[in-house]
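The chain contents come next:
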Amino acid sequence: MKKVVFSLLVLLPIAAWASDANMYFQIMSMNLSLDSVGTNVEEISAAIKKDSKNELLYYQRGLVYTKKRYYEKAIKDFSKIIDWDETNKWYLYQRGYVYFLNNDLDRAINDWNNALELDSSFIPVYLMRGSAYGFQGKSNLGEKDFRKAYSYTAIKADQYFYHGLSSKLLNKDLEAESDLNKALQLDSTFYRVYLIRAKTYSKMLEYDLAMKDMSAYILKDSLSWIPYLYCGTINAEFEKYEQAIREFSKAIDLAPDVGWIKIKRVELYNRTKQYQKTIDECTAIVSDTKNQGIYGSAFFLRGIAYDAIGKGNYALSDFINAGRWGVSLK
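Conventions and cut-offs
- Residue indices begin from 1 for each chain and proceed along its sequence in written order.
- pLDDT decides what is reported in this predicted model: residues at 70 or higher carry local features, side-chain atom pairs at 80 or more are listed and counted, and totals for whole chains, interfaces and linings draw on all residues regardless.
- As a rule here, side-chain values come from all non-hydrogen atoms in the structure, and water together with hydrogens is ignored.
- Throughout this description, the term salt bridge denotes a Lys or Arg side-chain nitrogen within 4 Å of a carboxyl oxygen of Asp or Glu.
- Each helix is a run of DSSP H or I of at least 4 residues and each strand a run of E of at least 2, with the numbering of both proceeding from the N terminus.
- Accessible area is worked out with a 1.4 Å probe on protein chains only. A residue is then buried under 20% of its type maximum, exposed over 50%, and partly exposed in between.
- What a helix is expected to span follows from its residue count: subtract one and scale by 1.5 Å.
- What is meant by a nonpolar core is a set of buried Ala, Val, Leu, Ile, Met, Phe, Trp, Tyr and Cys residues, joined one to another through side-chain atoms within 4.5 Å.
- For this analysis, a ring pair means two rings from Phe, Tyr or Trp (six-membered ring only for Trp) whose centres lie within 6.5 Å, classed as stacked if their planes differ by under 30 degrees, edge-to-face if by over 60, and tilted for the remaining angles.
- A positively charged side chain is recorded as over a ring if its NZ (Lys) or CZ (Arg) lies within 6 Å of the ring centre. The angle to the ring normal must also be within 35 degrees.
- Two N or O atoms count as a polar contact when they lie within 3.5 Å, although within protein this holds only if one can serve as hydrogen donor and the other as acceptor, and sequence-adjacent residues are included solely when both atoms are side-chain atoms.
- Angles here are taken between N-to-C directions and fall from 0 to 180 degrees, while the axes themselves are lines fitted to C-alpha atoms, restricted in helices to the stretch in contact.
- When an angle is under 35 degrees it counts as roughly parallel; over 145 it counts as roughly antiparallel; between 65 and 115 it counts as roughly perpendicular; any other value is oblique.
- Each helix crossing is assigned a hand: it is left-handed if the near helix lies turned anticlockwise from the far helix by less than a right angle, otherwise right-handed if that turn is clockwise.
- Throughout, a residue-residue contact means that at least one pair of heavy atoms, one from each residue, lies within 4.5 Å.
- When residue character is reported, Ala, Val, Leu, Ile, Met, Phe, Trp, Tyr, Cys and Pro are called nonpolar, Asp, Glu, Lys and Arg charged, and the others, Gly included, polar.
- Per residue, pLDDT measures the predictor's confidence, with a range of 0 to 100.

**A short note on the pattern of salt bridges**
Counted by the stated rule, this structure contains 12 salt bridges. With a shortest N-O distance of 2.9 Å, Glu-237 and Lys-199 are connected by a salt bridge. Taken together, the positions of Glu-237 in helix H14 (residues 226-237) and Lys-199 in helix H12 (residues 193-203) put the pair 38 residues apart, joining distant regions of the chain. The exposure class of Glu-237 is partly exposed, given its relative accessible area of 44%. Assessed through its relative accessible area of 15%, Lys-199 is described here as buried.

**Let's talk about helix H8 (residues 123-135)**
A rise of 1.5 Å per residue sets the reference length of H8, with its 13 residues, at 18 Å; its end C-alpha atoms lie 19 Å apart and thus fit the reference within 8%. Taken across its 13 residues, H8 has 11 buried, putting it largely inside the fold. For H8, the full list of buried residues reads Ile-123, Pro-124, Val-125, Tyr-126, Leu-127, Met-128, Arg-129, Gly-130, Ser-131, Ala-132 and Tyr-133. Where H8 ends, the next residue or the one after it, Gly-137, has phi of about 80°, a positive value.

**Considerations on the nonpolar core**
In this structure, Phe-100, Trp-112, Phe-161, Trp-225 and Ile-261 are the most contacted members of the largest nonpolar core, which totals 92 residues. Broken down by element, this core gets its largest block of residues, 9 residues, from helix H6 (residues 89-101). Core analysis: the next-biggest nonpolar cluster, separate from the first, contains 5 residues, Tyr-275, Ala-305, Tyr-306 and Ala-315 among them.

**A closer look at the packing of aromatic side chains**
Scanning all chains against the criterion turns up 15 aromatic pairs. Centroid distance Trp-90 to Phe-122: 4.8 Å. Interplanar angle 80°. Geometry classified as edge-to-face. Highlighted residues: Trp-90 in helix H6 and Phe-122 in the loop between helix H7 (105-118) and H8, separated in sequence by 32 residues. The buried category is assigned to Trp-90, whose relative accessible area is 9%. Residue Phe-122 is classed as buried on the basis of its relative accessible area, which comes to 3%. Each ring, one from Tyr-295 and one from Phe-299, has its centre 6.4 Å from the other, and the planes form 75°; the classification is edge-to-face. Here Tyr-295 pairs with Phe-299, and both are found in helix H18 (residues 295-308), just 4 residues apart, close to one helical turn. Here Tyr-295 and Phe-299 have matching classes, each one buried. One Lys or Arg, Lys-73, reaches over the ring of Tyr-70 and ends 5.3 Å from the middle of that ring. The ring of Tyr-207 has Lys-240 lying over it, and the distance from NZ or CZ to the ring centre is 4.7 Å.

**A few points about the environment of Glu-143**
Mapping Glu-143 onto the fold places it in helix H9 (residues 139-151). Sequence separation of Glu-143 and Leu-165 is 22 residues, and the distance between their C-alpha atoms is 7.5 Å. A polar contact is formed between the side chain of Glu-143 and the side chain of Arg-147, at a distance of 2.2 Å.

**Brief notes about the packing of helix H13 (residues 207-220) against H14**
Across the interface, H13 lies against H14 with an axial gap of 10 Å and an inter-helix angle of 170°. Judged by the inter-axis angle, H13 sits roughly antiparallel to H14. Seen along the crossing, H13 lies across H14 with a hand that is left-handed. Packed against H13, whose contacting residues are Tyr-207, Ala-210, Met-211, Met-214, Tyr-217 and Ile-218, the element H14 presents Pro-227, Tyr-228, Tyr-230, Cys-231, Ile-234 and Asn-235 at the interface. For the contact of H13 with H14, the residue count by class is 11 nonpolar, 1 polar and no charged.

**Observations regarding the confidence of the model for the protein**
For the protein, the mean per-residue pLDDT works out to 81, and 87% of the residues sit at or above 70. pLDDT under 50 marks residues 1-38. Its contacts with residues more than four places away, or in other chains, come to 98 contacts.

**A word on the packing of H14 against helix H15 (residues 241-254)**
Direction vectors running N to C along H14 and H15 enclose 160°, while the axes themselves pass 8 Å from each other. Between H14 and H15, the angle is such that the two are roughly antiparallel. Relative to H15, H14 is oriented so that their crossing is left-handed. Facing Tyr-228, Leu-229, Cys-231, Gly-232, Thr-233, Asn-235 and Ala-236 of H14, the residues of H15 in contact are Tyr-241, Gln-243, Ala-244, Glu-247, Phe-248, Lys-250, Ala-251 and Leu-254. Here the residues of the contact of H14 with H15 sort into 9 nonpolar, 4 polar and 2 charged.

Dropping the structure here:
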């Protein structure tokens, strides 16, 4: 099978940003520069019919599907070209990224592990895998990945950023704040540092500073769901639940297929005794097969809501279903 030679315009993850850290957050926010590869699925599909062995076309269509949140279709396209060329680290990276967006962290990590076997200095993989480990509660592994990324870059601002990430994971808040400040001092355009520094301020119980950083970030990237997720999480930590619900709702509007954000909002519905909203949202979640990864949490939270309004039989049924999906009362 022929190898695809990527141009700078097509290699979005490589060429579009000034530093690897900026690249990571650009990818996380799904702000892919699709104008450079074409966004019309029909046109790309027509081109594939004429040249059915062209890996680049499948890669392009996979990127478009990712942007449009058609994750299963994107995975299918990336899987096809991986079958043809198992030595292309970017194919593995990109499919892993779609798995990550689809809340299939084990498969994402497996793809990234394979990409690292091809290139042990592949910085974007360490950043994404470190994030996935963080979502799995494996902060020690996430910290190692961020430090690994730090060791492979010569850009000073990035080094401070990566070190700040690892310090944050180790709960060294003052050290993290210092490193992130230095990253911004070295590169004032590195505004994505605000995301991590805001979470650091939150842990330091500096709500106003945290929200100031989030406002600065949103001014630069208002179309990404990531900052609204952060804002919601910070407000929830400070027990500002209605504000948190509004922020999670903004994130959900921008990323309706990222189901676990809905779970975070439902948790707050229960906490604020909005039980009917919990019941309605969880019913919608368990009625959609795309949400199977969060069925257990949805049944469990709906069970709590039913119990709170005195519908014990419904609650018991939901708790049983939650157990079948791996979530229990313990």
